[in-house]
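Examining the three-dimensional arrangement
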Amino acid sequence: MWISDYKYKWHEILAMKIMRSGGYIPRHIAFVMDGNRRYAKSQHLRNIEGHSHGFDKLSKCLRWCLDIGIKEVTTFAFSIENFKRSEEEVKDLLDLAREKFLNIINDEAKLNEHGVRILVIGNLNLLPEDLQKLIAKAMTITEHNDKLFLNIAFSYTSRDEMTQSVETILKLGDELQPEDINERLIEECLYTRHSPPPDLLFRTSGETRISDFMMWQLSTTVIYFTNIFWPEITLWNFLSGIFAYQRASIRLEAFKRQKRLEHAQQAKNCNYYSDRVQLFLRTVDSYRKKVLVSLSTSN
Ligand code: FPP
Ligand code: MG
C-alpha cells in the first residue's frame, strides 16, 4: 500500500493543525531514506526486511505529507551507487520495487483516489527491462493525478542526471545554437524539469551528506538531518523537520523570492523564450513521452 491508512491520535491531529496554521508548509519535500540496514541489524532482520519496513514508513510519510498540505515529494529509493552492493541485496531491492510498482498497476484505483501522480526520475536504461516496463506503466496510469506529485529517484544520481541532460541536448538539439546553451537549458533538461526545487530535504540516520542527490536543485533548500533510522521515523520526527523549515523560512523567504525573480529574469536574458528553444523543449517532452508509451504498451 503506497498511502497508509494512518490512524491519528487526537494530540497528533492537534499538532498537525498547529503546524498548518503556524507557519509555512514546504510545497516540495525531499527524503533521503537512510539507515534501513542498520535498523535491520539492530532488529536481527535481513537487509531486505529493513528496506521493506522502510517502504512501509514511506507510505506513512506520504499520508502525513498529504494531510499537512505538501504538494510534492521526491524520495531517494535507489542510487546508481547501490548497484555496487552485493548481488543478493541488489536483486532483493529490485524485486521489492517490482512488487511495489506492480501493486500500483493492480490497484490503480487506490492511488487515483488519493490523486497521486508517480514520476520515476533516474536512468531507467540501467534497470532490467521488465522493471522499466512496470515503472512506465505506473507512471502512465497516474499521469492525470494532481493532488500529490511523487517523484521516486530510482537508478538515480545527480551527476548522472546532469550528464543525461547534456546528452539530451546533444541528441535532440540539432537546431540549437551555441548561444542557446546555458544553465537554464541544462536545468530544463533535468528529470525535474517540471518541478520547483525542494523547500526541505530530510535525511535520516545521522549521516550529514547529500550523497549525489538533487545537487542542482538544492541551492535554496533547508536541510534537516536527524539521527533516527528511516524505518523508525515517527510523526513527531517528521513534524520536527517541518518545524525546522518553518524557523528557517522566516529568514529564507525574502531570499527565495529574490532567487525566483532572478530565475524569471534569467529566462528572458538567455533565449529561453525564443521559438527555437521552446520548440526544442516541446521535442524533449514528446520524446520522453514516446519512450514511456512505447515501454508501457510493449509486452
Ligand atoms: C538506504 O538505507 C536505503 C536504500 C538504499 C533503499 C531505500 C528503499 C526503500 C525504502 C524502498 C523503496 C522502494 C520503492 C519502490 C519506492 P541503507 O541501505 O543505506 O542503510 P544503511 O545506511 O543502514 O546501510
Ligand atoms: Mg546508507
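Residues numbered from 1 in each chain as written. Chains lettered and ligands numbered in written order. Predicted model: local features only at pLDDT ≥ 70, side-chain atom pairs only at ≥ 80, totals over all residues. Heavy atoms only, no water.

In the nomenclature of an unreviewed UniProt entry, the chain corresponds to Alkyl transferase from the organism Bactrocera dorsalis. Word for word, the UniProt comment on the chain under Sequence similarities (unreviewed entry) is "Belongs to the UPP synthase family." The annotation that UniProt attaches to the chain under Catalytic activity (unreviewed entry) is "n isopentenyl diphosphate + (2E,6E)-farnesyl diphosphate = a di-trans,poly-cis-polyprenyl diphosphate + n diphosphate". (UniProt positions renumbered as here; feature names shortened; annotations may be inferred.)

The next subject is the side chain of Ser 79. Note that Ser 79 resides in strand 2 (residues 72-79). Polar side-chain contacts of Ser 79 include one of 2.9 Å to the backbone nitrogen of Glu 81. For Ser 79, the residues in contact, after removing those within four places along its chain, are Tyr 156 and Thr 157. (Helix = DSSP H or I, 4+ residues; strand = E, 2+ residues; numbered from the N terminus. Polar contact = N/O pair within 3.5 Å; in protein donor to acceptor, adjacent residues only side chain to side chain. Contact = heavy atoms within 4.5 Å.)

This next bit is on the site of ligand 1. With respect to spatial proximity, 15 residues lie near ligand 1, and among them Asp 34, Arg 37, Arg 38, His 51 and Arg 85 are the closest. Here Asn 36 contributes a backbone N or O atom positioned 3.2 Å from an oxygen atom of ligand 1. With the chains in place, 92% of the 620 Å² that ligand 1 exposes on its own is no longer accessible. Sorting the residues of the shell around ligand 1 by element identifies helix 2 (36-42), helix 3 (47-68) and helix 4 (87-106) as the ones contributing at least two each. Partitioning the shell around ligand 1 into residue classes produces six nonpolar, five polar and four charged. (Near = heavy atom within 4 Å. Areas by Shrake-Rupley, 256 points an atom, 1.4 Å probe, with all protein chains shown as cover. Nonpolar A, V, L, I, M, F, W, Y, C, P; charged D, E, K, R; others polar.)

Turning to the sheet that holds strand 2, a few remarks are in order. In spatial order, the strands read 3-4-2-1-5-6; together these six strands make up an open sheet with parallel pairing. Among the strands making up the open sheet, the edge pair consists of strand 3 (116-121) and strand 6 (222-225). Strand-to-strand, the axes of this sheet are offset by a mean angle of 20 degrees, without reference to chain direction. Sheet topology places strand 1 (residues 28-32) next to strand 2; five bridges connect them, and they run parallel. In the sheet register, Ile 29 faces strand 2, and the bridge partner there is Val 73. Across the face of the sheet, helix 9 (residues 235-269) comes into contact with strand 1, strand 5 (200-203) and strand 6 while running at roughly 150 degrees to strand 6. (Pairing = 2+ DSSP bridges. Axes fitted to C-alpha atoms, helices over the stretch in contact; angles between N-to-C directions.)

We now examine the layout of surface pockets. Take a probe with the size of a water molecule and roll it over the atoms, and the empty space left behind shows itself. Each pocket or cavity is described by its volume, and for the largest pocket that value is around 1,100 Å³. Looking at the largest pocket, it is lined by 36 residues, and the ones nearest its centre are Leu 119, Met 139, Tyr 191, Arg 288 and Leu 292. Counting only elements with at least two residues in the lining of the largest pocket, the list comes to strand 3, helix 6 (129-141), strand 4 (148-156), helix 7 (158-172) and helix 10 (275-297). Ranked by residue count, the leading element in the lining of the largest pocket is helix 10, at eight residues. (1 Å grid on protein atoms, 1.4 Å probe; cavity = no way out; pocket = protein on both sides within 12 Å on 5 of 7 lines; lining within 4 Å. Points joined across faces, edges and corners; volume = space filled by probe spheres on them.)

On to the nonpolar core. Phe 31, Phe 101, Ile 118 and Phe 238 are the most contacted members of the largest nonpolar core, which totals 58 residues. Not counting residues within four places of it along the chain, the set of residues in contact with Phe 31 comprises Cys 61, Cys 65, Val 73, Thr 74, Thr 75, Phe 76, Phe 202, Phe 213, Trp 230 and Phe 238. (Core = buried A, V, L, I, M, F, W, Y, C linked by side-chain atoms within 4.5 Å. Buried < 20%, exposed > 50% of the residue type's maximum accessible area, 1.4 Å probe, protein only.)

Turning to the side chain of Ser 155, a few remarks are in order. Secondary-structure assignment places Ser 155 in strand 4. Here Ser 155 falls in the buried class, since its relative accessible area comes to 0%. Apart from residues no more than four positions distant in its own chain, Ser 155 is found in contact with Phe 78, Ile 80, Phe 83, Gly 122, Asn 123, Leu 126 and Leu 127.

Turning to the pairing of strand 1, a few remarks are in order. The buried count for strand 1 comes to five of five residues, which makes it a mostly enclosed element. With four bridges connecting them, strand 1 and strand 5 associate as parallel partners. Each residue of the ladder has a partner; that of Ile 29, found in strand 5, is Leu 200.

Checked against the element boundaries, Ser 195 lands in the loop between helix 8 (183-188) and strand 5. Sequence separation of Ser 195 and Arg 46 is 149 residues, and the distance between their C-alpha atoms is 36 Å. The contact partners of Ser 195, leaving out residues within four places of it in the chain, are His 28, Glu 72 and Asn 151. Here the side chain of Ser 195 touches Glu 72 through a polar contact of 2.6 Å, side chain to side chain.

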